[in-house]
Amino acid sequence: MIEQLAQLLASAPEPIRTLLGWIFSDAFIKAAVFPGALFSTILGMFAVWYERKLLARVMLRVGPLHVGKVSGVLQLIADAVKFLSKERITPSSAIRPLFWTMPSAALLLSLLLFAFLPFGAGWIIYPSEIGLLLFFAVIAVSPIPILLAAYASGSKYPFIGLTRMALQLFGYEIPLFLALAGVVLMAGSFDIQKIVEAQARAPFILPQMIGFVVFFTAALAETERVPFDIPTAEGEIVFGWQTEYSGAHFVVFQLAMYEKILALCVLGSLLYLGGWYGPPLPFVPDTISAPFWVIVKSLVLFTLMVLVRGAYPRLSIDRVLDLGWRYLIPLALLNLLITGVIVYLSGVLA
Amino acid sequence: MAAPPEQLWFLWDPFILYVILVLLAPDVFYLVSWLIAPRRSSRVKKMAFESGQAPIRSALSSFPVEYFPYVIIYVAYAVIAILIFVSLVAIVETGVTPSLLLLLALATVASFYASSQLKEVAGRRG
């Protein structure tokens, strides 16, 4: 069977052979299938469904149920079709070019984060010595499309969302930065693959519990999750900076937000939970069990985020700023100091 | 496996290919929306949303100034954070020294002191 196929392939004309070679090439599989475009999109859609289902359980509801045979798995497709069949309204006060391009820019930056995340030894789109720095650079500019989108809407609620978001994001970028510094200090590398390999014996969450708490809280705030959702607080300012976006624009923005959350979950699992190190699975080769453990650990983090959303009410803006500036930054520095002492002592003892 | 053609080398680079695919991703949504969504514009629809009101004055209102001290603190802390991150590049090479730990301890104590004082500085409850 395979021989016949190979013969057929060898007799095919040159362009078709090149095309097939391209589809089975390392580049295409990494960029388009795993861990690239297809995987990250499916993960994003799964996350939305999973969040709705889990949040419903927390609130003693059942969540999506009717569309699709099992647990409303097709609800998301129904939702997507509904959103896409709605009109895209551009307010007359909006700055048109900015208003129309910013959702795509937000999605581009969110999905770009996945290029720097390894899902196993070699399972990475863009291997780099400074992968963590590149990841952080993209995270640091990712609020800009959102701020521009809010500004371009030319409407009051988006503008209120914009000011809230600027205050919140600037406050939480620095703790995130400092928490990551602790990981780099301990692993002695900016390469995420090397950082994971440094956790072969024990995950970094054990020596860096404080750092993990800071990272997790800052990640919640960076992605505007409840209880840090003041920029899009539905009960107060309609939908914050997203108020004027409808139809396909809204879908793209929502997907961008979820991809950012998931990218931070994957980063957290790689930096603190030991990445692809886990109990070996029977009859499963390493190349498959490694991504499996990364995904499982990321989903554990995502579950934690959803539970936090279910359990806590929205913080007021002064509480959010207080938490970021007065608690997280000193704690992040303390974590860095503890990490420094551990690294120094282990160097002296060795 | 066939060799990549000269002009299309970028399709054999995972990162460039990924960026191209990511740039195309939102356009799929826009294309579907363009095909199935209605396009009936009207003056009322194009008004900025103000809870059913006709929009009053410009949308660009004033910035809440009581949080302005945080912006100033951000400038200071951003410099420190970048300093720490950049010096990490050197520390990764040379290793941790006692003087470095002293500096870190100083920064930690200073930040704890600052955070205990920040309540009064911001002055937003008075």
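To keep things clear, this report deals only with the structure shown in the data block.

### What to know about the overall build of chain B
Part 1: For chain B, the helix and strand inventory stands at three helices and zero strands.
Part 2: For chain B, the N- to C-terminal ordering of α and β elements is α-α-α.
Part 3: For chain B, the exposed area adds up to about 8600 Å²; of that, 71% sits on carbon and sulfur atoms.

### Quick word on the environment of A:S92
Part 1: By the secondary structure assignment, A:S92 is in the loop between α5 (75-84) and α6 (96-112).
Part 2: Each C-alpha atom of the pair A:S92 and A:G154 lies 8.5 Å from the other, and the pair is 62 residues apart in sequence.

### Observations concerning the pattern of salt bridges
All names here are of chain A.
Part 1: Tallying each qualifying case throughout the model produces six salt bridges over all chains.
Part 2: Ionic pairing is found between R309 and E51, a salt bridge with its closest N-O pair at 2.5 Å. Taken together, the residues span a long stretch of sequence, with R309 in helix α14 (residues 286-311) and E51 in helix α4 (residues 37-58) at a distance of 258 residues.
Part 3: Assessed through its relative accessible area of 28%, R309 is described here as partly exposed.
Part 4: Given a relative accessible area of 1%, E51 falls into the buried group.

### Description of the interface of chain A and chain B
Interface size is commonly expressed as the accessible area that is lost once the parts come together.
Part 1: Taken together, the contact pairs 82 residues of chain A with 71 residues of chain B.
Part 2: In total, chain A and chain B occlude about 6700 Å² of area from one another, counting both sides; carbon and sulfur atoms represent 77% of this.
Part 3: Here chain A and chain B share zero salt bridges between them.
Part 4: Joining chain A to chain B, the criterion identifies five residue pairs in polar contact (both at pLDDT 80 or more).
Part 5: Broken down by secondary-structure element, the contributors of at least two residues to the side of chain A that touches chain B are α2 (14-23), α3 (26-33), α4, α5, α6, α9 (156-187), α13 (247-271) and α15 (317-349) of chain A.
Part 6: With 16 residues, α15(A) is the single largest residue contributor to the side of chain A that touches chain B.
Part 7: Residues belonging to the side of chain A that touches chain B are distributed by class as follows: 53 nonpolar, 18 polar and 11 charged.

### Here's the deal with the layout of surface pockets
All names here are of chain A.
Part 1: Reported here for the largest pocket is a volume of approximately 1000 Å³.
Part 2: What lines the largest pocket is a set of 36 residues, among which V48, E51, F250, Q254 and Y258 lie closest to the centre.
Part 3: Only α4, α5 and α13 provide two or more residues apiece to the lining of the largest pocket.
Part 4: Of the residues in the lining of the largest pocket, the class split is 19 nonpolar, seven polar and 10 charged.
Part 5: By volume, the second largest pocket amounts to about 400 Å³.

### Some remarks on empty space enclosed by the protein
Residues and elements named next belong to chain A.
Part 1: Per the counting criterion, the structure on display carries two cavities of 30 Å³ or more.
Part 2: Counted as a void, the largest cavity has a volume near 50 Å³.
Part 3: The wall of the largest cavity is formed by L43, F119, L262, V266, I295, S298 and L299.
Part 4: Of all elements in the fold, only α13 and α14 reach the threshold of two or more residues within the lining of the largest cavity.
Part 5: For the lining of the largest cavity, the element with the highest residue contribution is α14, accounting for three residues.
Part 6: Class assignment for the residues of the lining of the largest cavity results in six nonpolar, one polar and no charged.
Part 7: The calculated volume of the second largest cavity comes to roughly 30 Å³.
Part 8: Surrounding the second largest cavity, A106, S110, S142, I146, A256, M257 and K260 form its lining.
Part 9: Mapped by element, the contributors of at least two residues to the lining of the second largest cavity are α6 and α13.
Part 10: Considering every element that reaches the lining of the second largest cavity, the biggest residue donor is α13, with three residues.
Part 11: Within the lining of the second largest cavity, the residues separate by chemical class into four nonpolar, two polar and one charged.

### Describing the packing of aromatic side chains
Residue and element names in this part refer to chain A.
Part 1: Taken as a whole, this structure holds 19 aromatic pairs over all chains when the rule is applied.
Part 2: A centroid spacing of 5.6 Å and a plane angle of 15 degrees characterise the contact between F46 and Y50, whose relative ring orientation is stacked. Of this pair, F46 and Y50 both sit in helix α4, four residues apart, which is roughly one turn of the helix.
Part 3: Note on F46: relative accessible area 33%, which makes it partly exposed.
Part 4: Ring centres 5.4 Å apart and planes at 45 degrees place the aromatic pair F215 and Y272 in the tilted group. Highlighted residues: F215 in helix α11 (residues 209-222) and Y272 in the loop between α13 and α14, separated in sequence by 57 residues. For the pair formed by F215 and Y272, the shared burial category is buried.
Part 5: Taken together through their ring pairs, the aromatic side chains of F46, W49, Y50 and F302 make up a single cluster.

### A short note on α3(A)
Part 1: Buried residues of α3(A): A:A27, A:F28, A:K30, A:A31 and A:A32, and no others.
Part 2: Packed against the buried residues of α3(A) are α2 and α4 of chain A together with α1 (14-36) of chain B.

### Overview of the packing of helix α7 (residues 131-141) of chain A against helix α8 (residues 143-153) of chain A
All names here are of chain A.
Part 1: Look at α7 against α8: their axes get within 5 Å of each other, and the N-to-C directions meet at 10 degrees. As far as their axial angle goes, α8 and α7 are roughly parallel. Residues I139, A140 and V141 of α7 touch α8, and the partners they reach there are P143, I144 and P145.
Part 2: Tallied by class, the residues present in the contact of α7 with α8 amount to six nonpolar, no polar and no charged.

### Quick look at the nonpolar core
It is characteristic of soluble globular proteins that their nonpolar side chains tend to be buried jointly.
Part 1: With 127 residues, the main nonpolar core has A:L117, A:F135, A:L267, A:L271 and B:Y18 as its most contacted residues.
Part 2: Top element by residues in this core is α13(A). It accounts for 17 residues.

### Some words on α9(A)
Residues and elements named next belong to chain A.
Part 1: When the terminal C-alpha atoms of α9 are compared, their 46 Å separation across 32 residues agrees well with the 46 Å that a helix rising 1.5 Å per residue should span.
Part 2: Most of α9 sits inside the fold, with 28 of its 32 residues counted as buried.
Part 3: Where α9 ends, the next residue or the one after it, G188, has phi of about 70 degrees, a positive value.

Definitions and limits used
Residues numbered from 1 in each chain as written. Chains lettered and ligands numbered in written order. Predicted model: local features only at pLDDT ≥ 70, side-chain atom pairs only at ≥ 80, totals over all residues. Heavy atoms only, no water. Helix = DSSP H or I, 4+ residues; strand = E, 2+ residues; numbered from the N terminus. Areas by Shrake-Rupley, 256 points an atom, 1.4 Å probe, with all protein chains shown as cover. Salt bridge = Lys/Arg side-chain N within 4 Å of Asp/Glu carboxyl O. Buried < 20%, exposed > 50% of the residue type's maximum accessible area, 1.4 Å probe, protein only. Contact = heavy atoms within 4.5 Å. Buried area = accessible area lost by both parts, 1.4 Å probe. Polar contact = N/O pair within 3.5 Å; in protein donor to acceptor, adjacent residues only side chain to side chain. Nonpolar A, V, L, I, M, F, W, Y, C, P; charged D, E, K, R; others polar. 1 Å grid on protein atoms, 1.4 Å probe; cavity = no way out; pocket = protein on both sides within 12 Å on 5 of 7 lines; lining within 4 Å. Points joined across faces, edges and corners; volume = space filled by probe spheres on them. Phe/Tyr/Trp six-rings, centres within 6.5 Å; stacked < 30°, edge-to-face > 60°. Axes fitted to C-alpha atoms, helices over the stretch in contact; angles between N-to-C directions. Parallel < 35°, antiparallel > 145°, perpendicular 65-115°, else oblique. Core = buried A, V, L, I, M, F, W, Y, C linked by side-chain atoms within 4.5 Å. Expected span 1.5 Å × (residues − 1).

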